[in-house]
Structures are given as C-alpha cells and as structure tokens.
Amino acid sequence: MEYRGVVLDVDGTVVRGDEAIPGALDGLAAIEAAGLDRLFVSNNPTKKPLAYEERLRGAGIDATADEIVTSGTTTTSYVAEQHPGAKTFCIGEEGLRDQLREAGLELVSASDDPDVVVVSIDREFHYDDLRDAYVALRDGATFYGTDPDIVIPAADGDIPGSGAIIHAVSGVAGRDPDAILGKPSPVARGIVLDRLGLEPEEVLVVGDRLDTDIALGTTAGMGTAVVRTGVTDDATLAASDYEPDYVLDSLGDIESILSG
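These notes cover the structure that comes with them. Since the structure is predicted, the reported quantities are computational estimates derived from the model, not experimental observations.

Once that is clear, we can look at helix α8 (residues 210–220). Most of α8 is tucked away: eight of the 11 residues are buried. Next to the buried residues of α8 lie β1 (5–8), α7 (186–196), β13 (203–207), β14 (223–227) and α9 (234–239).

In structure tokens form, the structure reads like this:
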C-alpha cells in the first residue's frame, strides 16, 4: 500500500521526556522524503498544541501546532460541540483547563451543580478531588474521560496516566464514563482523518501502544505499525487482541515500510 499520510504517536514513539528517541529523527526524515502528510496525535492532555510545538522543537523536531492533536484537543472539541457553554467540573492540569475555558465552557466547582464532569491526568490529584468528583457525578452529570492510558512513558520510566484517575473516579461514582475521547475513540478518529483530508486506507498509524495507537488504526481501516520504544514488548504483543501490520524496533525503521 502506498501511504499518503502518517499519524505519529508522541510519547514513547517520537520522544521520551524532552529528548528525541534514538532513531526518531531518522524516521521523521524518511517520512518527509517520502512526501507524506503527518499528524502528531498524543493522548497526553496536559499541554496545548502550541506547548507541544515548543516541546518537539526543543527535541530537534520541526513541528507546528497545526500538526498536533492531543486528547485535550479531542475532548475540548467534543464537549464544546455537545454541551456548548456547559457548567463543567474538571479534574485535570492547567493546559486542559485553559482549552476548556477557551472553548466557552464554564469551569465550576463540584458544589455548583455542573452539567459535565471531565476527568484527566492531574499530577496533583488528591483525595479531595476524588470526593469532589463523587459529589459532581451523583446527581447525573455527564461523565467524560480524556483518554484511557493507565500508564504513560516519562523520562524516568512509566508513570500513572489519565486512565488511572478515571478508574478511581469511576469506582467511587459507581458508573463508567459516558465516553473516553482520546485515542482510539471514534471522536479522535474523525478529527484525525478530517485534519489529514485522506481516506483511512491512505494513512499509516505509528505508535507504541496496541490498545490506543494500533486500535485507532485497525478500527478505522488504516495501516498500523507498533514501535518497541515505549510500552509494548513481545509479551504484550502476544497477549493483545490488536495485531499491527508492522512491528518496528523504532521509528527509524519506518523507511522499510515506505520503500516496500
């Protein structure tokens, strides 16, 4: 298959912390040489696309904000469309909260009878936040999670992600989220394909997670490649319901796909 576009996961695929992963710059150069349109798609909702641009440029990657989609992007877009101006209680970091505000949503406390509850990674998550989420949800507010990632790659090793906090809130509220809006959700798929302006079969998804990156591609009919530079190893591959089209040691090996 001759691909015309590529969707690239960020953490664990292109960078770890603020450093480019070995092979990533070579892989990006091969993508550019092949003339593919690209989109960086991350399940990290803590930063706005402009902040991601700065982070990637700091790692030697010439990226622009309009090439970047995060689970904060998909969540904000969906909530603002489905609940315009809604009173919203958010567990999340300032980058996500800023996006929600900028989309016209009113951020309120749990005691203000919110219409919507958005839960995400928050590295200052506290028992009081769990209590407040319970209060906000007990009267039937709509419940959204930004992304399902239980753990995420960081510079010093994997750390708890949004999924861990969503599970905690879900447990105390006694209900699952009404939707989780990052990869591999239909919302994320729609935004990605709309941004690229391509048919699914023209797109290759490259990432380190089977249950998000590879699931995003396989459920939409895109090509898929998993890299071994993040959370996936041979045991994870063997146990997964999602089978990638290609397995790469790193993004640096993508030329083997593009020239095949």
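So, next bit.
With that settled, the discussion passes to unusual backbone geometry. Residues K183 and P184 are joined by a peptide bond in cis, for which omega reads 5°. When you line up the elements, P184 lands in the loop between β12 (179–180) and α7. At D113, a position not held by glycine, the phi torsion is positive, near 55°. Residue placement: D113 occurs in the loop between β7 (106–107) and β8 (116–119).

Another aspect to go through is the sheet that holds β7. Across a sheet, strands are paired by hydrogen bonds formed along the backbone, either parallel or antiparallel in direction. Taken in spatial order, the five strands line up as β7-β6-β8-β9-β12 in an open sheet, and their pairing is parallel. The open sheet is flanked by β7 and β12, the only strands paired with a single partner. Sheet strands in contact with helix α5 (residues 127–137) are β6 (87–91), β8 and β9 (142–145), and its direction is about 150° off that of β6.

The next subject is the layout of surface pockets. The calculated volume of the largest pocket comes to roughly 220 Å³. Around the largest pocket sit 13 residues that line it, and D11, N44, K47, R55 and R123 are the ones nearest its centre. Classifying every residue of the lining of the largest pocket gives five nonpolar, three polar and five charged.

Here we come to the pattern of salt bridges. Two side chains carrying opposite charge are able to pair once their charged atoms lie near each other. Enumeration over the complete set of coordinates arrives at 21 salt bridges. Across the salt bridge formed by R4 and E202, the nearest N and O atoms sit 2.9 Å from each other. Pair noted here: R4 is in the segment before β1 and E202 is in the loop between α7 and β13, with a separation of 198 residues, a long-range link. The exposure class of E202 is buried, given its relative accessible area of 16%. Across the pair D128 and R131 runs a salt bridge whose closest N-O atoms are separated by 3.5 Å. Taken together, the residues D128 and R131, both in helix α5 and three residues apart, mark about one turn of the helix.

Reading guide: rules and limits
All chains use their own residue numbering, which begins from 1 and follows the written sequence. Under the rules for a predicted model, residues below a pLDDT of 70 receive no local features and side-chain atom pairs below 80 are neither given nor counted, while totals for whole chains, interfaces and linings still include all residues. Each side-chain value is worked out from all heavy atoms of the structure, with water and hydrogens disregarded. Buried residues are those whose accessible area, probed at 1.4 Å on protein chains only, stays under 20% of the maximum for their type, while exposed residues exceed 50% and partly exposed ones sit between those limits. A run of H or I in DSSP becomes a helix once it reaches four residues, and a run of E becomes a strand once it reaches two; helices and strands are each numbered from the N terminus. Contact criterion: two residues are considered in contact whenever any of their non-hydrogen atoms come within 4.5 Å of each other. Here, strands pair whenever DSSP counts at least two bridges between them. Interaxial angles span 0 to 180 degrees and are taken between N-to-C directions of axes, which are lines fitted to C-alpha atoms, for helices over the stretch in contact. Grid points spaced at 1 Å over the protein atoms alone were grouped into cavities, where a 1.4 Å probe fits but cannot get out, and pockets, open sets with protein on both sides within 12 Å along at least five of seven lines, with lining residues defined by an atom within 4 Å of a point. Grid points are joined across faces, edges and corners, and a volume is the space filled by probe spheres set on the points. Note that Gly is not counted as nonpolar here; it falls among the polar residues with everything else outside the nonpolar set of Ala, Val, Leu, Ile, Met, Phe, Trp, Tyr, Cys and Pro and the charged set of Asp, Glu, Lys and Arg. Here, a salt bridge means any side-chain nitrogen of Lys or Arg that lies within 4 Å of a carboxyl oxygen of Asp or Glu.

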